[in-house]
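Given next are the chains, with one letter for each unit.
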Amino acid sequence: MYRLEGRKVWVAGHRGMVGSAVARRLASEGCEIVSADRRIVDLKRQADVEAFVGDKGIDAVVVAAAKVGGILANETQPAEFLYDNLMIEANIIEASHRAGIDRLLFLGSSCIYPKFAPQPLTEDALLTGPLEPTNEWYAVAKIAGIKLCQAYRAQYGRDYISAMPTNLYGPGDNFDLQSSHVMPALIRKAHEAKQTGASAITVWGTGTPRREFLHADDCADALVFLLQQYSGAEHVNVGFGDDISILDLTRLVCEAVGFEGEIVHDLSKKDGTPRKLMSNVRLREMGWEPRISLRDGIVETYNWFLANQGAGQ
Ligand code: GFB
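A short tour of the structure in this document, coming up. (Residues numbered from 1 in each chain as written. Predicted model: local features only at pLDDT ≥ 70, side-chain atom pairs only at ≥ 80, totals over all residues. Heavy atoms only, no water.)

With respect to the site of the ligand
- Residues in contact with the ligand amount to 22 residues; listed here are only the nearest, Ile-71, Lys-189, Arg-211, Lys-270 and Asp-271.
- Within the backbone of Ser-180, a nitrogen or oxygen atom sits 2.9 Å from a nitrogen atom of the ligand.
- Taking Lys-276, its side chain carries an N or O atom lying 3.2 Å from an oxygen atom of the ligand.
- The set of elements that each furnish at least two residues to the shell around the ligand consists of helix H3 (71-76), helix H6 (182-196) and strand S7 (200-204).
- Residue contributions to the shell around the ligand peak at three residues, all from H6.
- A breakdown of the residues in the shell around the ligand according to their chemical character gives nine nonpolar, eight polar and five charged. (Near = heavy atom within 4 Å. Polar contact = N/O pair within 3.5 Å; in protein donor to acceptor, adjacent residues only side chain to side chain. Helix = DSSP H or I, 4+ residues; strand = E, 2+ residues; numbered from the N terminus. Nonpolar A, V, L, I, M, F, W, Y, C, P; charged D, E, K, R; others polar.)

What follows is the structure in structure tokens.
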């Protein structure tokens, strides 16, 4: 059991959806949160990161900083998804080690698993087959992050662990239609269609792929749980336990938003991986479960969108 109370924890990526949820959750455990101002610290620059970590007396680090985006962003910005993520994670892990920080949690993604790995995806499916091409750049960077944690554990005895969350959503998500993930895109599309009285919304691809969605606050809760309870070389899946087709998700979102028009498909856009339901068994056996239902999570996220970005859009 790793005691968090009174610890100084650097949450890298504290402004993002997951990082901000982790910072809130850690604060509720009595941690002092350290954050880097992006105007001063460019996490892609080794010197910046080493100067920042320096002798701040940080006890633990959560690597929630990453270049993230949906299927289109991943496919169209391969260099950024590979380079940025490799540099961010390598700089943070090496700087943490140099500063003598002995506890670190690295966040990956369910896209690390092979495209056609058996479902639900168990941790040991890693590196057993080819990746999904639309996000292989991001996946390779995230696999390298897992391996960095394992390498620093093996060579230097550092207690660095990795968690692989499934597709996440929630307040603070990115609602830009070109770069976002599917959930915020659908919320925005349904909202705008309702406001303008449009007869239909457009969904990318066939609508048949299945995805698993976990609320960012549930994810943060699981990450804090792992920081407290888990020490080991193998990464741990952080899933919801159930998945849904994109078409059914669209129906759920339309219901939550109050849009009653048609759903049409843009078949020029890709489906990506057909399914990526994670096995949650390891985390459940340790004693953790998600609490926020998909329906409630969508309503809460829509309300956040309305309060923060919806007006006038
Ligand atoms: O969430 P998403 O962009 O990412 O797309 P992935 C999920 C599914 O929703 C795909 C479909 O089948 C999309 O074609 N979709 C339908 C839409 N309408 C839309 C829309 O308006 N916007 C978007 N974005 N999708 C990402 C990876 O894969 O998942 C990342 O690219 C990362 O690397 C992330 O792992 C969690 O689930 O396909």
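Having seen the model, we can carry on.
Section: the nonpolar core
- Counting residues in hydrophobic clusters, the biggest one holds 34 residues, and the most contacted among them are Leu-26 and Leu-226.
- Those elements that provide at least two residues to this core are strand S1 (8-12), helix H1 (17-27), strand S3 (60-63), strand S4 (103-107), strand S5 (159-165), helix H7 (216-229) and strand S10 (236-238).
- In contact with Leu-26, other than residues within four places in its own chain, are Leu-4, Val-9, Val-11, Cys-31, Ile-33, Val-62, Val-224 and Leu-227.
- Core analysis: the second largest hydrophobic core is formed by 33 residues, Ala-12, Val-63, Ala-95 and Met-278 among them. (Core = buried A, V, L, I, M, F, W, Y, C linked by side-chain atoms within 4.5 Å. Buried < 20%, exposed > 50% of the residue type's maximum accessible area, 1.4 Å probe, protein only. Contact = heavy atoms within 4.5 Å.)

Regarding the pattern of salt bridges
- Summed over the entire model, instances satisfying the criterion amount to 24 salt bridges.
- A salt bridge links Lys-67 to Glu-80; the nearest nitrogen and oxygen atoms lie 3.2 Å apart. Of this pair, Lys-67 sits in the loop between S3 and H3 while Glu-80 sits in helix H4 (residues 78-98), and the two are 13 residues apart along the sequence.
- By relative accessible area, which is 38% here, Glu-80 ends up partly exposed. (Salt bridge = Lys/Arg side-chain N within 4 Å of Asp/Glu carboxyl O.)

Observations regarding unusual backbone geometry
- Along the chain, Gln-119 connects to Pro-120 via a cis peptide bond; the corresponding omega equals -10°.
- The topology assignment puts Pro-120 in the loop between S4 and helix H5 (136-156).

Describing the packing of aromatic side chains
- Counted according to the given criterion, the structure contains seven aromatic pairs.
- For the pair Tyr-152 and Tyr-160, a centre-to-centre distance of 6.4 Å together with 25° between the ring planes defines the contact as stacked.
- Accessibility expressed as a relative area gives 11% for Tyr-152, which makes it buried.
- The interplanar angle of 20° and the centroid separation of 6.0 Å between the aromatic rings of Phe-175 and Trp-304 together place this pair among those described as stacked. Taken together, the positions of Phe-175 in the loop between strand S6 (167-169) and H6 and Trp-304 in helix H10 (residues 294-310) put the pair 129 residues apart, joining distant regions of the chain.
- Assessed through its relative accessible area of 2%, Phe-175 is described here as buried.
- For Trp-304, a relative accessible area of 25% gives the class partly exposed. (Phe/Tyr/Trp six-rings, centres within 6.5 Å; stacked < 30°, edge-to-face > 60°.)

Focus on the sheet that holds S4
- Judged by pairing direction, the sheet is parallel, and its six strands sit side by side in the order S2-S1-S3-S4-S5-S10 without closing on themselves. Only two strands of the sheet have a single partner each, and these edge strands are strand S2 (32-34) and S10. Each adjacent strand pair in this sheet contributes to an overall mean axis angle of 25°, direction not counted.
- Examined bridge by bridge, S1 and S2 share three bridges and lie parallel to one another. Pairing of Val-9 across the sheet is with Ile-33, part of S2.
- Contacts from H1 reach S1, S2, S3 and S4 within the one sheet, and its direction differs from that of S1 by about 165°.
- Against the sheet, H4 makes contact with S1, S3, S4 and S5, and its axis sits at roughly 175° relative to S4, the strand it touches most. (Pairing = 2+ DSSP bridges. Axes fitted to C-alpha atoms, helices over the stretch in contact; angles between N-to-C directions.)

Geometry only, nothing functional implied.
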